[in-house]
Amino acid sequence: MVIQNWSNDKKMRWIHRMLCYLNFAIIAFIAFMIDITTRRICDMQEARAFLSTLPTLPTKPELTVFVSVSAYVVLLCIMHYYHRIHLNKWQQTGCFLIEAGICVIIMKMLNFSTNSILLLVMADLLTYINTNRERILCLSVMIVLYLFANYDFLFGWIDMVSFDQYLACYHSMTQSMLITIHNMLTSMNIILFILYMVFLVQDKINESKEMMQMNQELQNLNDQLKDYAEMRERMGETRERNRLAREIHDTLGHTLTGLSVGLDACVLMSEMDPSATKKQLSLLADSARVGLKDVRRSVDKLRPDALEHFTLQEALDKMILDFRAVTDVDIHFVCHLPHLSFDKDVEEVIYRIIQEGMTNSVRHGQAHEIFISLAKEKDTLILIIEDDGIGCDSIHQGFGLHHMQERVALLQGNIRFYGSDGFIILAEIPIREGK
């Protein structure tokens, strides 16, 4: 029940550890049996009878235990080494080829009585080599070794004594018991290897499912990002259209209102005072040229032309003077601030509100007198525009008033309109004084 609650990774580590222990038991069992049997034969003075049954003389059986166990410890150290550090594909391939060589040494010392250790190396190979080319190369080497590294195949090619021949000097019951132990250890090794492969395949399948799920999630996120980007683009286009609409409305509307009123005046004066009419027409022409330039600059996303060349104070004075000249409306501008110097976005909003306020007073209110005042209360600019026009009982926010609200809202400010007695615009704008 405990193992069932483990993850595949923990199960694989546990089986790998058991494979290491089991292979050590197999190697130690065979090596010690060869050494013990050799000593027993010598002690019982049965060497002549034993050697007479062998096809060849055994080669230094006294070194079997030391060399095979030492080589296996070196093999485990190499496995531990590349498990803990990051190696490139060629370093991994080199390590596995070294492991294969150590396996050959161990199997040679044990007279190729077992090839179980190759399964341990193959388990590591399939786990830690991820590139197909190197995996196929190493796996091919290990499979060839596993198929041909046994006594029955190599008999006649290499002089050696089999494990069964060493057991021949024991009684039949002892032989049967030792062969059973050897076969049980070998079978357990194969079973553990198969279990390891099952969990490894399951782990790879889970990784593949996770990768597919992650790819699907990434695809969904990518689709969402595309939708978001398209939405942002549409929002940007909408904001840009609104911005251009505000700019053109403020500039062109202001200019055309002045031209309309001025032309009406010229019609009335044309017969009574031709010279004054000519002078007025000249002023209207200049106003039209200024308005046209302002429209072009608005389309190019630039500030009003007046603010590009003059300070805010100078730009307001010039705009009021020009508007007064073409409309013949009395405009009173009172500034309660020692100087008008703010950030560019604040200056532009102030300029546009005053411009639109004067335009609306003449166009809709038919005003003859406009009062404009600027004051400061703490960090808030108070802008008031009022006129003596006809006003309105119910204020309908058209294009101009709506864009005034948008401009002020962008600066986190507030603007209110009153139409009961003339028309009043009251704007409160948080300000940051410019340099």
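On a predicted model such as this, the values are computed, not experimentally measured, just so you know.

Parameters at a glance
- Residues numbered from 1 in each chain as written.
- Predicted model: local features only at pLDDT ≥ 70, side-chain atom pairs only at ≥ 80, totals over all residues.
- Heavy atoms only, no water.
- Helix = DSSP H or I, 4+ residues; strand = E, 2+ residues; numbered from the N terminus.
- Contact = heavy atoms within 4.5 Å.
- Areas by Shrake-Rupley, 256 points an atom, 1.4 Å probe, with all protein chains shown as cover.
- Buried < 20%, exposed > 50% of the residue type's maximum accessible area, 1.4 Å probe, protein only.
- Core = buried A, V, L, I, M, F, W, Y, C linked by side-chain atoms within 4.5 Å.
- Pairing = 2+ DSSP bridges.
- Phe/Tyr/Trp six-rings, centres within 6.5 Å; stacked < 30°, edge-to-face > 60°.
- Patch = residues over 30% accessible without salt bridge, like charges linked within 9 Å, V, L, I, M, F, W, Y side chains within 5 Å.
- Salt bridge = Lys/Arg side-chain N within 4 Å of Asp/Glu carboxyl O.
- Lys, Arg positive; Asp, Glu negative; His and termini not counted.
- Charge placed at Lys NZ, Arg CZ, Asp CG, Glu CD.
- Right-handed = clockwise from strand over helix to strand, strands pointing away.
- Axes fitted to C-alpha atoms, helices over the stretch in contact; angles between N-to-C directions.
- Expected span 1.5 Å × (residues − 1).
- Parallel < 35°, antiparallel > 145°, perpendicular 65-115°, else oblique.
- Left-handed = near helix turned anticlockwise from the far one by under 90°.
- Nonpolar A, V, L, I, M, F, W, Y, C, P; charged D, E, K, R; others polar.

Draft legend 1. Focus on the overall build of the chain. Of the regular secondary structure elements, the chain holds 14 helices and five strands. Considering only residue pairs separated by 6 or more positions, the chain has 73% of its internal contacts joining residues 24 or more positions apart. When the accessible surface of the chain is totalled, it reaches about 25000 Å², and 60% of it is carbon and sulfur.

Draft legend 2. Structural view of unusual backbone geometry. Not every positive phi belongs to a glycine, and Asn 111 is a case in point at roughly 55°. Note that Asn 111 resides in the loop between α4 (89-109) and α5 (117-128). Residue classification places Asn 111 among the buried residues on the basis of a relative accessible area of 10%. Of note in this structure, Gln 366 is not a glycine but carries a positive phi near 50°. Its place among the elements puts Gln 366 in the loop between α13 (344-363) and β2 (369-377). For Gln 366, a relative accessible area of 54% gives the class exposed.

Draft legend 3. Seen up close, the nonpolar core. Formed by 55 residues in total, the largest nonpolar core has its most connected members in Tyr 72, Leu 75, Ile 106, Ile 117 and Met 142. When contributions to this core are tallied by element, the ones reaching two or more residues are α1 (8-43), α3 (64-84), α4, α5, α6 (132-148), α8 (163-167) and α9 (172-269). The dominant element in this core, judged by the number of residues it contributes, is α1, at 13 residues. With residues up to four places along the chain from it excluded, the contact list for Met 142 reads Ala 100, Leu 118, Val 121, Met 122 and Leu 125. Within the second largest apolar cluster, 39 residues are counted, among which are Leu 316, Leu 340, Leu 383 and Phe 417.

Draft legend 4. Expanded view of the pairing of strand β4 (residues 414-418). Across the two faces of β4 the burial differs, with Ile 415 and Phe 417 buried and Asn 414, Arg 416 and Tyr 418 not buried at all. Bridge analysis of β4 against strand β5 (residues 423-430) gives five bridges, and the strand direction is antiparallel. Bridge pairing in β5 places Tyr 418 opposite Ile 424. Connecting the antiparallel pair β4 and β5 is a turn made up of four residues, with Gly 422 showing a positive phi of about 70°.

Draft legend 5. Examining the packing of aromatic side chains more closely. Going through the model one piece at a time under the given rule, you end up with two aromatic pairs. Judged by centre distance (6.1 Å) and plane angle (40°), the ring pair of Phe 24 and Tyr 72 falls under tilted. One end of the pair, Phe 24, is in helix α1; the other, Tyr 72, is in helix α3, and 48 residues separate them in sequence. Note on Phe 24: relative accessible area 39%, which makes it partly exposed. For Tyr 72, a relative accessible area of 1% corresponds to the buried category. Residues Phe 417 and Phe 423 carry aromatic rings whose centres are separated by 6.3 Å and whose planes lie at 25° to one another, so their mutual orientation is stacked. Judged by its relative accessible area of 12%, Phe 417 is buried.

Draft legend 6. Layout of the environment of Gly 357. With respect to the helices and strands, Gly 357 occurs in helix α13. The class of Gly 357 is buried, set by a relative accessible area of 2%. For the pair Gly 357 and Gly 400, spaced 43 residues apart in sequence, the C-alpha to C-alpha distance is 8.6 Å. In this structure, Gly 357 is in contact with Ile 385, Met 404 and Ile 425, ignoring residues within four places of it in sequence.

Draft legend 7. Representation of a negative patch on the surface in the model. A contiguous patch of negative charge, built from Asp 223, Asp 227, Glu 230, Glu 233 and Glu 237, is present on the exposed surface. Note that Glu 230 resides in helix α9. Taking the relative accessible area as the measure of exposure, Glu 230 reaches 42% and is therefore partly exposed.

Draft legend 8. The pairing of strand β1 (residues 330-335), seen in detail. Two elements, β1 and β2, share six bridges in a ladder whose sense is parallel. Opposite Cys 335, over in β2, you have Leu 374 as the bridge partner. Handedness of the crossover is the feature at issue here: the chain leaves β1, passes through α13, returns alongside β2, and the resulting connection is left-handed.

Draft legend 9. Here's a closer look at the sheet that holds β1. The mixed open sheet is built from five strands, whose spatial order is β1-β2-β3-β5-β4. Two strands bound the open sheet, and with one partner strand each, they are β1 and β4. For this sheet, the mean angle separating the axes of adjacent strands, direction not counted, is 10°. Contacts between helix α14 (residues 399-410) and the sheet are confined to β4 and β5, with β4 contributing the most and set at about 155° to the helix.

Draft legend 10. Representation of α13. Counted at 1.5 Å a residue, the expected span for α13 with its 20 residues is 28 Å, and the 28 Å between its end C-alpha atoms agrees. Extensive coverage of α13 is indicated by the burial of 17 of its 20 residues.

Draft legend 11. Fine view of the packing of helix α12 (residues 312-327) against α13. Closest axis-to-axis distance for the α12/α13 pair is 11 Å, and the angle between their directions is 15°. Classified by the angle their axes make, α12 and α13 are roughly parallel. Between α12 and α13 lies a crossing of right-handed hand. Contacts between α12 and α13 pair Leu 312, Ala 315, Leu 316, Met 319, Ile 320 and Phe 323 from the former with Glu 347, Ile 350, Tyr 351, Ile 354, Gln 355, Met 358, Thr 359 and Val 362 from the latter. Of the residues in the contact of α12 with α13, the class split is eleven nonpolar, two polar and one charged.

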